Structure formats: structure tokens, C-alpha cells
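Each chain is listed here by its residues.
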Amino acid sequence: MIRFDQVTKRYADGTTAVDDLSFEVGEGELVTLVGPSGCGKTTTMMMVNRLIEPTSGRIFVDGEDISKVDPVKLRRRIGYVIQQVGLFPHRTILDNTATVPALLGWKKSTARARAAELLDLVGLDPKQYGSRYPEQLSGGQRQRVGVARALAADPPVLLMDEPFGAVDPVVREQLQDEFLRMQAAVRKTVLLVTHDIEEAVRLGDRIAVYGEGRIEQFDTPGAVLGTPATPYVAEFVGADRGLKRLSVTEIEPDDLDQPAVARAGEPARQAAARLHDDDARWAVVLDADGDLHGWVGIDELSLAGEEGLVGDLAHRMNAWVPVGAPLKQAFGVMLQHDAGWVAVLDGARFLGVLTPAKLHEALRRSVDADAQGVARDEVSFDSVADA
Ligand SMILES: Nc1ncnc2c1ncn2[C@@H]1O[C@H](COP(=O)(O)OP(=O)(O)O)[C@@H](O)[C@H]1O
Ligand SMILES: [Mg+2]
């Protein structure tokens, strides 16, 4: 959808901001450009909507060489979220959001209806916020309006230059989550610039790591973190890349341990005897459908009366995550509940538990899979925990 073909940008003072750059962003793909300040990210982005012209090389949008497209027409197809949001202070939030449709000559009522729809999409109630002015919004809310405005004319391509840069880390994470949810629904082709590797990893389908005006590595977040292509990339992604990898590696059913299981409707003493034979201290309690009911300890089961059922003794199990969630989420839940394991569910159905040893194993598997370029379940190795 966006293709750079040997693009170089040299400014009048001789600075080479972008040096012989070639890469491609697929339709519906979100690519993050990440690198330190001054490495040419903004220059790259602004060449896509022709706010800056390349010195040499060609850029294609949807197969068209953009040097041959009228810049005004080009920009109508490209939403642009700039670093400092840049809302008009004397226009209401609704009118700010409707800026591009208004420029395109949409009927006022249509433009406003569209703006209201977009504000809703970015989590701002148009009834509550539409008539306010930018200064009456928090920084995070203004950034949301910036995103809504860029999407208002429904452009297939979105350029975002540090769109969540001006807010504190908590709001930032919130905005990132909202943006990902939105992107899953609208599937724009997105080029997003950031200097923050965490953000790049979190948002990108693929990441372009920039050195000085050049791409050092262009790959999936997992591959960049797992197998940095150059010492520069290794340095940039940081020594804690194992931790970052936790946030991009998803829990798969194969990662899980199968602990002892008791049924909610089962006599407690019967379950106690079985656990005893299996040398288990506790069991996951499931209902008749295989849904998670809770957990129970062998001591409680042993002390139960003749009539006692497992279900009556079970504790609520709060430490759980859905399958497919990132390992980081499982780790967080483990810490939060001070638990030695977390249950992994598919809907309500219990699939197994993730223990610290299994978590480590899953992480190692994903590193090795990226290094070998194969799927995670094709990798075998002896984990530290097994040794
Ligand atoms: N108009 C300009 N004239 C001269 N040099 C510029 C201009 N704009 C940017 N630069 C230089 O080009 C390089 C890349 O800048 P930029 O693309 O803004 O980087 P980034 O967005 O990664 O911080 C920097 O060295 C910057 O100083
Ligand atoms: Mg910049």
C-alpha cells in the first residue's frame, strides 16, 4: 500500500535525513518507525503526503507514484496525526473533528454526523465533548480528537507522528489500547512514528528500527526483540528485551500444565483420595461442562464430612487469563494474586495452568522459533526448569 523505493532526502544544508530507504507497508498493516530523535522518522513520514519532497527515489501509495499525484488530492486519501495534535483553539471539538470533511465540501450536517461517529469511536461522547473547545479537554482527550480528525474522511492510509507522545505513561497505555481496538475494527494502513521501543513493539505488526536515516532492521516485534539484526538494534531494544518479549508472546494451549482436576459435583472424600494417590496438594475444580469453578486444597477435602461435595469447598479462582493473551498479562496476574500459577481459559472453558516454569519455557521457545524462523510448537529444547 505504501512503498519506498530507494528514497533519499538531503536538506539544503547538506544534512542527509533519509538515506536510500526501501520498504513496504502492506494494506491494513500497522508499521511502526522507531529510532532516536533526529534519525529521520518525521522526514520519512512527511514525504508520504508530500509535505517534504525526496531528493531522489520514488514513493508509491496504492501502486501510484505519488510524485505524479496532485498533493491536495493525495492528502485527502491520507489521514495525518501530528506530533503536537494541532487542534484549532477557537473551533469546537465537533468542528475540529469535521475539518477534513468540511474541506472536502461535505454537507455540514453530514460532516458533523460523521465527526460525532468518530468521536464516539475514540471514546469521547459527542454529546458531552462535541461542543467544548480544545482547552477544555485533557491532554489525552485532545490526542483522541487528533486521531478522530485524521480518520474523519475515512482515508485508507493513516500517518501518525508520535501520536501519544504528549501524555503521561498511564494515559498513554490507555490510548494505545484504544487505538489497537479501533485499528482492529477499521484496518487502516498505518505508518506510526515513535521514539519509544515499548510503543513500537506494542502497536506494530512490523517494526522498522531506524539508525541514522537508515533502517537497521524491519521485522515483527518478536523477531526484533528475539534476534536483533545488528549490535545497534540490540543496544536500542535494550537489555530488558526478554521482558518486552513477554508482552508480544501469546499464551498457546501447548504452553500449559495439566494439574489435578476435581469436579464440582464430586464427593469431596473421593476427590481427596484421588489427589492423595496422585501426590497432588490441590486441584482445579471444574463444573460438568469443563468450565472453571475454582480451586480446592487436599486438606479441606480431607476434612469434609461424608456428604460434602467438592463444589461446596472450592475457592473462587481470580488468577486467570484468556488463551492468546500475552505472557506478560499472565505474569502480572500471577504477581497480583501472589499465585504460583494462573488458569488459562477459552471463554469459560478451562484449558490448563501456566506456571512460572512453563512461562519461562514458552518465552524460550518463542526466542528460538524466531531465531530459526519456525513456528513456536516446532521448537524443542530442554528448559532450565526441566534440567
Ligand atoms: N528543514 C530541515 N532542514 C535541515 N535539516 C533538517 C530539516 N528537518 C529536519 N532536519 C534534520 O534531518 C534529520 C532528521 O530529522 P527528523 O526527520 O525530524 O528526525 P526524527 O523525526 O527522527 O526526530 C535531523 O538531523 C534534523 O536535524
Ligand atoms: Mg520527529
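The notes below deal with the structure included here. (Residues numbered from 1 in each chain as written. Chains lettered and ligands numbered in written order. Predicted model: local features only at pLDDT ≥ 70, side-chain atom pairs only at ≥ 80, totals over all residues. Heavy atoms only, no water.)

## Looking at the pairing of strand E1 (residues 2-10)
Here E1 pairs with strand E4 (residues 56-61) via 5 bridges, running antiparallel. Residue pairing for E4: isoleucine 2 is matched across the bridge by valine 61. Pairing of E1 with strand E2 (residues 16-25) involves 6 bridges; the strand directions are antiparallel. Bridged to lysine 9 within E2 is valine 18. Between E1 and E2, which pair antiparallel and follow one another directly, the connecting turn spans 5 residues, one of which, glycine 14, has a positive phi of 95°. (Pairing = 2+ DSSP bridges. Helix = DSSP H or I, 4+ residues; strand = E, 2+ residues; numbered from the N terminus.)

## Quick notes on the site of ligand 1
In the region of ligand 1, the neighbouring residues are Tyr11, Asp13, Thr15, Ala17, Pro36, Ser37, Gly38, Cys39, Gly40, Lys41, Thr42 and Thr43. At a separation of 3.4 Å, a nitrogen atom of ligand 1 approaches a polar side-chain atom of tyrosine 11. The contact in question runs from an oxygen atom of ligand 1 to an N or O atom on the backbone of glycine 38, over 2.6 Å. Here ligand 1, which alone exposes 560 Å², has 60% of that area covered by the protein. Ranked by the residues each element gives to the shell around ligand 1, the list is headed by helix H1 (residues 41-48), at 3 residues. Of the residues assigned to the shell around ligand 1, the class counts are 4 nonpolar, 6 polar and 2 charged. (Near = heavy atom within 4 Å. Polar contact = N/O pair within 3.5 Å; in protein donor to acceptor, adjacent residues only side chain to side chain. Areas by Shrake-Rupley, 256 points an atom, 1.4 Å probe, with all protein chains shown as cover. Nonpolar A, V, L, I, M, F, W, Y, C, P; charged D, E, K, R; others polar.)

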